[in-house]
Every structure is written in C-alpha cells, then in structure tokens.
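Overview (structure and organization)
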Amino acid sequence: LIPLAIAIDAYIVLTMVAAVEEGVNVFDAFGRAWTVVREHLGSVLVMALILTVGGGIVGTALFLPFIGIVVPAIVGGLTGDETALISGLAISGLCLLAAVPVLILLSGVLTTYVTGAWTLTYRRLTGKMGAKELGTA
C-alpha cells in the first residue's frame, strides 16, 4: 500500500498546485491534475519517488536529535538515584523545549521545499515554464 499512498499524495499535491496555478475550483483542479498525471505518469512517479525518499531522509535526520534528548532521562533512571532521575528529566525537558521550535522551523523549510519542487514540476509538465518564460529564448 505504500506505493499507492505515495501516488495518491503526489496526485493531491498536484491538485493543490493546479488549483493555485490555474485559479480553478477544487473539482476542476482534480480534473486538471488527473490530466497532468495521466499524460506524464513516468515523470510524476519519478518525482514522487525522489521527493518521498529525499524528504524521508531529511525528515529522519531532523528527528535524530530527539533521540539524544532522552539520554539524560535514561541515564538518570538507570542510576537508581531519585535526584539523578529528576535532574535527568529536567535536562531532557529543557532540551526538548529548545529543540521543538527548531524542529518546527526546519520541518516548515522541508515542506516548503517539497511543495516548491512539486509546483515547478507541475509548471514544467504543463508547459507554463518554457524557454520563453525563463528568458532564455
């Protein structure tokens, strides 16, 4: 089901891009996105794979510091001392408070990048970003 979920996600993102780019209502955007997917299935699948795998790798890298955040709490709990446990939990809590805003910001940057890539893909596939519009004609 994972490949199906990736394909549906790509279709939904292309629908959102079509609604904005074409200035159409939701139902027309679904139709326009379906036309683009049907006419350029290979390109859409390759782009979906690249963005899904790449986004997954970057998303995982963003999450990895959270593993380190729980280390003081684990170490405090393993010592068996109540003071060490409370100190470890406090340190982990403070680190979590500092890390969450950074994670939210970086997650927003990743989402913006992926959405921008889909927008450029849509424009390229629909011919709205040809050499004339790029100024290279």
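Everything that follows concerns the structure shown earlier in this document.
Rules and cut-offs
Residues numbered from 1 in each chain as written. Predicted model: local features only at pLDDT ≥ 70, side-chain atom pairs only at ≥ 80, totals over all residues. Heavy atoms only, no water. Helix = DSSP H or I, 4+ residues; strand = E, 2+ residues; numbered from the N terminus. Buried < 20%, exposed > 50% of the residue type's maximum accessible area, 1.4 Å probe, protein only. Contact = heavy atoms within 4.5 Å. Polar contact = N/O pair within 3.5 Å; in protein donor to acceptor, adjacent residues only side chain to side chain. Phe/Tyr/Trp six-rings, centres within 6.5 Å; stacked < 30°, edge-to-face > 60°. Axes fitted to C-alpha atoms, helices over the stretch in contact; angles between N-to-C directions. Parallel < 35°, antiparallel > 145°, perpendicular 65-115°, else oblique. Nonpolar A, V, L, I, M, F, W, Y, C, P; charged D, E, K, R; others polar.

1. Re the side chain of Thr15
Its location among the elements puts Thr15 in helix 1 (residues 2-22). Thr15 sits in the buried class, given a relative accessible area of 5%. Setting aside anything within four residues of it in sequence, one finds Thr15 in contact with Val26, Ala29, Phe30 and Ala33.

2. Here's the deal with the side chain of Thr126
Counting through the fold element by element, Thr126 comes out in helix 6 (residues 82-126). Within the structure, the side chain of Thr126 is placed 3.4 Å from the backbone oxygen of Arg123, a separation counted as a polar contact. Discounting residues that sit within four places of it in the chain, Thr126 has contacts with Arg32 and Val36.

3. A few points about the packing of aromatic side chains
The geometry of two aromatic rings is summed up by the distance between their centres and the angle between their planes. This model, assessed by the stated rule, comprises 3 aromatic pairs. On the basis of an interplanar angle of 90 degrees and a centroid distance of 5.8 Å, the ring pair of Tyr11 and Trp34 is categorised as edge-to-face. A residue pair is termed long-range when its members are at least 10 positions apart, and Tyr11 in helix 1 and Trp34 in helix 2 (residues 26-39) qualify at 23 residues. What makes Trp34 partly exposed here is its relative accessible area of 45%. Judged by centre distance (5.8 Å) and plane angle (15 degrees), the ring pair of Phe63 and Phe66 falls under stacked. What links up through ring pairs into an aromatic cluster is the set Tyr11, Phe30 and Trp34.

4. Things to note about the packing of helix 3 (residues 41-63) against helix 6
For the pair helix 3 and helix 6, interaxial distance at closest approach is 11 Å and the crossing angle is 170 degrees. By the angle class used here, helix 3 and helix 6 are roughly antiparallel. Contacts between helix 3 and helix 6 involve Ser43, Val44, Met47, Ala48, Leu51, Gly55, Val58, Gly59 and Leu62 from the first element and Leu103, Leu106, Ser107, Leu110, Val114, Ala117, Trp118, Thr121 and Leu125 from the second. By residue class, the composition of the contact of helix 3 with helix 6 is 13 nonpolar, 5 polar and no charged.

5. Some points on the environment of Leu14
Positionally, Leu14 belongs in helix 1. What makes Leu14 buried here is its relative accessible area of 0%. Considering only alpha carbons, one finds Leu14 and Leu89, 75 residues apart in sequence, at a separation of 44 Å. With near-sequence residues (within four places) excluded, Leu14 lies in contact with Ala33, Val37, Val44, Trp118 and Tyr122.

Note that every value here comes from positions in space, so none of it alone points to a role or purpose.
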